[in-house]
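Residue-level listing of the chains:
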Amino acid sequence: MFIIDRIKSKPLAILFTLICIASISLLDYVTGSELSFSIFYLIPIAILAVSRNSSKRQIIIISFIAAAFWYVVDLSTNEYSHPLYPFWNAHVRLFIFISVGILVFNFREKYDQLNHANEKLNYLNDEKTKFIGMAAHDIRNPVSAIYSFSDLLLNDSKSTINEEEREIIGLVKSLSNSILKLINQLLDVSIIESGNIELNFMNQDYNTFVARQVHINQLLASKKQISIDLNFNGSKLLADFDDHHLSQVLNNLLTNAIKYSERESHIKVNVSEVDGMILTEVIDTGKGIPDDEQIQLFNYFQKTSTRPTEGESSTGLGLAIVKKIVTACNGAVDVKSTLNEGSNFYFTFPVSRSLKLADSSTLNH
């Protein structure tokens, strides 16, 4: 921060401060009353107070020395009508020096404590992320086995299970599938938060990629007689992107749009290029989201008061993962929503990896 912080020895730090005070006193003496350098006596005291080499005792001692130097220079360069006046001035200056020095010292201590607390929180957050990753990884295998066995029992042509047993096994399969989705999302969170997310950028046709994801999600939407309309601004759009991670982004947004849309409704997916940025919009005509809940929407485990139309489950992790991935791609994501009218979730990312994050004017297109 300062030169004095680089001096490891406390005596050397004090010596450096004394040299500064002596230099200021000499300059003050040479210039005299015509050009006062009185305020500059505070500078070395403040620097010492900011330094991690200092203590309150040292600051008080240096303040006495600075006030004494100033008192001597004041007597040498000015004439007073009464001998008590410079003595009184010296006491006032001493009070100011000590007050400012201790105040700066306390601010520095609070700043250091805050930094230490932040480092501890970061450490605990890293440990939490590791624990979530390990726990999710260990749980996934047995849950996958439960899902596979239940699926095998339901599809076994030689099975002799009755309808009631089939219903119970079907419930086990459904619940285990929901747990698997949650576990996979927790693993995604663990990887993203650990900073180990690896993006494999490739130059490819973004329109073809989006059409493929829409086709996959149309199968899910068909169960609610929902149609997904895809609109391109141009027939081909080459861009640098990681199709694996962006498929997570698009699938999350499409899945949410389907969950919160009524039967026999429509979802629009618009793709366009704006100033070197690709803009993708997923627009539904569902229930919408209250304004005061949109701010926290992309945080972990955040759910809104708006519920899925047919009781579908939600973990509150999907949109947080979306934001992390889009940000890692040098992009941005946001939402425009009106209650009872629908929502528009949209994200941007650069056509080329060499471009920087989209500015707010592009995102708010």
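Heads up: the structure comes first, above all this text.
Since the model is a prediction, treat every value here as computed from it, not as a measurement.

Counting residues in hydrophobic clusters, the biggest one holds 39 residues, and the most contacted among them are Tyr206 and Phe347. Secondary-structure elements contributing two or more residues to this core are helix H6 (206-221), strand S3 (238-241), helix H7 (243-259), strand S4 (266-274), strand S5 (277-284), helix H9 (318-328), strand S6 (332-338) and strand S7 (342-350). Of the residues forming this core, the biggest block, seven residues, is contributed by H7. Apart from the residues within four sequence positions on either side, Phe347 is in contact with Tyr206, Leu246, Val249, Leu250, Leu253, Ile278, Leu279, Thr280, Val326, Ala332 and Val333. With 18 residues, the next largest nonpolar core counts Ile21, Tyr41, Leu48 and Ala66 among its residues.

One can find Asp205 in strand S1 (residues 202-205). Considered as a pair, Asp205 and Lys236 are 31 residues apart in the sequence and their alpha carbons are 6.3 Å apart. Setting aside residues up to four positions removed in sequence, Asp205 forms contacts with Lys236, Leu237, Leu238 and Phe241. At 2.7 Å, the side chain of Asp205 forms a polar contact with the side chain of Thr208.

Taking 1.5 Å as the rise per residue, H6 with 16 residues should run 22 Å; its terminal C-alpha atoms sit 22 Å apart, in good agreement. Its side-chain oxygen 3.2 Å from the backbone nitrogen of Asn207, Asp205 forms the N-cap of H6.

Let us now look at the packing of aromatic side chains. Enumeration over the complete set of coordinates arrives at nine aromatic pairs. Between Tyr41 and Trp70, the aromatic rings sit 5.1 Å apart at their centres with planes inclined by 5°, giving stacked as the arrangement. Linking Tyr41 in the loop between helix H1 (10-31) and helix H2 (42-50) with Trp70 in helix H3 (residues 56-77), this pair joins segments that are 29 residues apart in sequence. When the ring of Tyr206 is compared with that of Phe349, the centres are 5.3 Å apart and the planes differ by 70°; the resulting orientation is edge-to-face. Of this pair, Tyr206 sits in helix H6 while Phe349 sits in strand S7, placing them 143 residues apart in sequence. Here Tyr206 matches Phe349 in class, with each residue buried. Ring-pair connections join several aromatic residues into one group, and the members of that group are Tyr206, Phe209, Phe241, Phe347 and Phe349. Geometry around Trp70 places Arg93 over its ring, the cationic atom sitting 4.0 Å from the centre. Directly above the aromatic system of Tyr346 lies the positively charged group of Lys336, at a separation of 5.2 Å from the ring centroid.

The next point concerns the packing of H6 against H7. Relative orientation of the contacting elements H6 and H7 amounts to 40°, with a least axis distance of 10 Å. Judged by the inter-axis angle, H6 sits oblique to H7. Once H6 is placed against H7, the crossing between them reads as right-handed. Contacts between H6 and H7 involve Tyr206, Phe209, Val210, Gln213, Val214, Asn217, Leu220 and Ala221 from the first element and Asp243, Leu246, Ser247, Leu250, Asn251, Leu254, Thr255 and Ile258 from the second. A breakdown of the residues in the contact of H6 with H7 according to their chemical character gives 10 nonpolar, five polar and one charged.

What follows covers a negative patch on the surface. On the surface, Glu163, Glu164, Glu165 and Glu167 cluster together into a patch of negative charge. Topologically, Glu165 is positioned in helix H5 (residues 163-193). On the accessibility criterion, Glu165 (38% relative accessible area) is partly exposed.

Take the pairing of S4 next. With six bridges joining them, strand S2 (residues 227-232) and S4 adopt parallel strand pairing. For Ser227, the partnering residue across the bridge sits in S4 and is His266. Sheet topology note: the S4/S5 ladder contains eight bridges and is antiparallel. If you follow Val274 over to S5, its bridge partner there is Met277.

Rules used in this analysis
Residues numbered from 1 in each chain as written. Predicted model: local features only at pLDDT ≥ 70, side-chain atom pairs only at ≥ 80, totals over all residues. Heavy atoms only, no water. Core = buried A, V, L, I, M, F, W, Y, C linked by side-chain atoms within 4.5 Å. Buried < 20%, exposed > 50% of the residue type's maximum accessible area, 1.4 Å probe, protein only. Helix = DSSP H or I, 4+ residues; strand = E, 2+ residues; numbered from the N terminus. Contact = heavy atoms within 4.5 Å. Polar contact = N/O pair within 3.5 Å; in protein donor to acceptor, adjacent residues only side chain to side chain. Expected span 1.5 Å × (residues − 1). Phe/Tyr/Trp six-rings, centres within 6.5 Å; stacked < 30°, edge-to-face > 60°. Lys NZ or Arg CZ within 6 Å of the ring centre and 35° of its normal. Axes fitted to C-alpha atoms, helices over the stretch in contact; angles between N-to-C directions. Parallel < 35°, antiparallel > 145°, perpendicular 65-115°, else oblique. Left-handed = near helix turned anticlockwise from the far one by under 90°. Nonpolar A, V, L, I, M, F, W, Y, C, P; charged D, E, K, R; others polar. Patch = residues over 30% accessible without salt bridge, like charges linked within 9 Å, V, L, I, M, F, W, Y side chains within 5 Å. Areas by Shrake-Rupley, 256 points an atom, 1.4 Å probe, with all protein chains shown as cover. Salt bridge = Lys/Arg side-chain N within 4 Å of Asp/Glu carboxyl O. Lys, Arg positive; Asp, Glu negative; His and termini not counted. Charge placed at Lys NZ, Arg CZ, Asp CG, Glu CD. Pairing = 2+ DSSP bridges.

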